[in-house]
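# Fold and geometry: a report
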Amino acid sequence: MHSFDYENGSLHCEGVDIASIAKQFGTPTYVYSKATLSDHYTRLDQAMAPVDHMVCYAVKANSNLAVINTLAKLGSGFDIVSAGELFRVIKAGGDPRRCTFAGVGKTVDELRYALENDIYSINVESLAELETINQVAGDMGKVAPVALRVNPNVDAKTHKYISTGKSENKFGIDFSRIEAAYADAAERLPNVKLHGLQMHIGSQLTSVDPFIEAVKKVAPLAAKLKETYGIEFFSIGGGVGIVYHETLPSGHPDWWTNDSPSASPLTIDRYAAAILPELKNLGLRILLEPGRLIAGNAGALVTKVLYTKKGDAKTFQIVDSGMGDLIRPALYEGHHDIVPVAEPTTDEKETIDVVGPICETGDFFVQNADLPKLEQGNLIALLSAGAYGFTMASNYNSRPLPAEVMVDGEQVHLIRKRQTLDDLIAGESLLP
Ligand SMILES: *Cc1c(COP(=O)(O)O)cnc(C)c1O
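Numbers given for residues are sequential positions, taken from 1 along each chain in its written order. Whole-chain, interface and lining totals are the exception, using all residues; otherwise, since this is a predicted model, local features are given only for residues with pLDDT of at least 70 and side-chain atom pairs are given and counted only at 80 or more. Side-chain figures throughout are based on the complete set of non-hydrogen atoms in the structure, without hydrogens or water.

### A word on the packing of aromatic side chains
Counted only if it meets this: Put simply, two rings from Phe, Tyr or Trp (the six-membered ring, in Trp's case) pair if the centres are within 6.5 Å, and we call them stacked under 30 degrees between planes, edge-to-face over 60, tilted for the rest. Criterion for a charge above a ring: Lys NZ or Arg CZ within 6 Å of the ring centre, and within 35 degrees of the ring normal.
Applying the stated rule across the entire model yields six aromatic pairs. Linked through ring pairs, Y30, Y32 and F390 together constitute an aromatic cluster. The ring of F101 carries the charged tip of K106 above its face, separated from the ring centre by 5.5 Å. The ring of F175 is capped by K217, whose NZ or CZ atom sits 5.0 Å from the centre of that ring.

Structure below.
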């Protein structure tokens, strides 16, 4: 579902005009649609209904309290990668007992915090970490529920920076070593409970094939571990990709229909239909950890053209947001459709670069793109910015972080205030 489209000549999010949001809250501002967030969660949850399952939203995609709270109210679990994310889940009314904790570098303090809050599972990424968990749990007089993360050595065929399931990636324990690790833990580590098996092969996958390959390879192992050690769940991770190109329904009337060639080859229904047959007979609870799929197309970043600069080689539209607010283009060649908030009245296009104010050549949102003609003062929206947008934002160049708002029908709610200049220096001090 997609809740951004033109209405009466202006881009709307659900029932709210984005021009009015810019007027009220300024720019740059992240705008999220509550309906889209809810729809994505609900559709995935329903598609997985044939098996016992839990959807654990990957908090790192978008960790605003209002986003977490919206999903918590729908019954979502959460995949966290730090104590900070667990803190957010608890503050937002999420249930720690529905949280799984991933990441290759958990500290003792983080493990302790997770165990204090009785999380569902710690997903273990190395044998050294497992030893530490055993020790921390023992010191606390607890038994830690764990799942080892298997690295299935499957090529996710996504950008190399977001591929995680190959042997050369830092994530998980090699497939060839995983059974020995379970055996060793069962024999030697009394303070861990072998609770599940986990994998996650990468992000922004647009084909179902790598998922099928990974599930086919790992499901027999999960069955064996269930029989030998009584594990209860198999987490197949996240990674389902979204459509980043031509995402406005009015531009692509068939965007919604899952079978359109312009839509992602990987829709919720197709994903579920492909993996369910491999999982149905395991008798294990299936965990899913989607981040981008839930939040990506639920958000847009609204920014304003400050200056137009025509040079010998190029025309630059310089906007008031940059890589500090949305780093995906600079970090891994991420694409965001850019649309004017005022609906273009002609088909006229201009070849432009849309660049930010930051002192880095890599600070661009798009290069050599044919976009509708823009002028100083025009508002534009970078679509599909709901995941890995604000969560990756930084104060580089001492620029305050943007505001975040969530639209719910005809209402718009401020869910994070724009930072002030004072916020920029909070916590800093001079030498005595
Ligand atoms: C990042 C991550 C996810 C979410 O990935 P998406 O591509 O946003 O679905 C899920 N599980 C783990 C372990 C992750 O690191």
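### Re the site of the ligand
Keep this limit in mind: Note on terminology: near, applied to a residue and a molecule or strand, indicates that one of the residue's heavy atoms is within 4 Å of it. Pairs of N or O atoms are called polar contacts if they sit within 3.5 Å, as long as, within protein, a hydrogen donor faces a hydrogen acceptor (for residues adjacent in sequence, only side-chain-to-side-chain pairs). Using a 1.4 Å probe, the Shrake-Rupley method yields the accessible areas, and only the shown protein chains count as cover for residues. Residue polarity is assigned by list, with Asp, Glu, Lys and Arg as charged and Ala, Val, Leu, Ile, Met, Phe, Trp, Tyr, Cys and Pro as nonpolar; anything else, Gly included, falls into the polar class.
The local shell around the ligand holds 14 residues, among which K60, S203, G239, E289 and Y388 are the closest. Measuring from an oxygen atom of the ligand, one finds a backbone N or O atom of G291 at 3.0 Å. Taking 390 Å² as the accessible area of the ligand by itself, protein coverage stands at 94%. Here the shell around the ligand is composed, by residue class, of four nonpolar, five polar and five charged.

### What to know about the confidence of the model for the protein
Put simply, the rule reads: You can read pLDDT as the predictor saying how much it trusts each residue, on a scale of 0 to 100. Should any heavy atoms of two residues lie within 4.5 Å, those residues are considered in contact.
Taken over all residues, the pLDDT of the protein has a mean of 93, while the share at 70 or more is 96%. Counting contacts from residues 253-263, a segment whose pLDDT is below 50, to residues more than four positions away or on other chains yields 22 contacts.

### Comments concerning the pattern of salt bridges
For clarity, the threshold we go by: We define a salt bridge as a side-chain nitrogen of Lys or Arg found within 4 Å of a carboxyl oxygen belonging to Asp or Glu. In this description a helix means any DSSP run of H or I spanning at least four residues, a strand means any run of E spanning at least two, and both kinds are numbered starting from the N terminus. Only protein chains enter the accessibility calculation, which uses a 1.4 Å probe; a residue is then buried when its area is under 20% of its type maximum, exposed when over 50%, and partly exposed in between.
Counted according to the given criterion, the structure contains 16 salt bridges. Between K314 and D353 there is a salt bridge, with its nearest N and O atoms 2.9 Å apart. Placement of the pair is K314 in the loop between β14 (299-310) and β15 (315-319) and D353 in strand β17 (residues 349-355), with a sequence separation of 39 residues. On the basis of relative accessible area, K314 is assigned to the partly exposed category, the value being 22%. The network of salt bridges with shared partners includes E131, D184 and R188.

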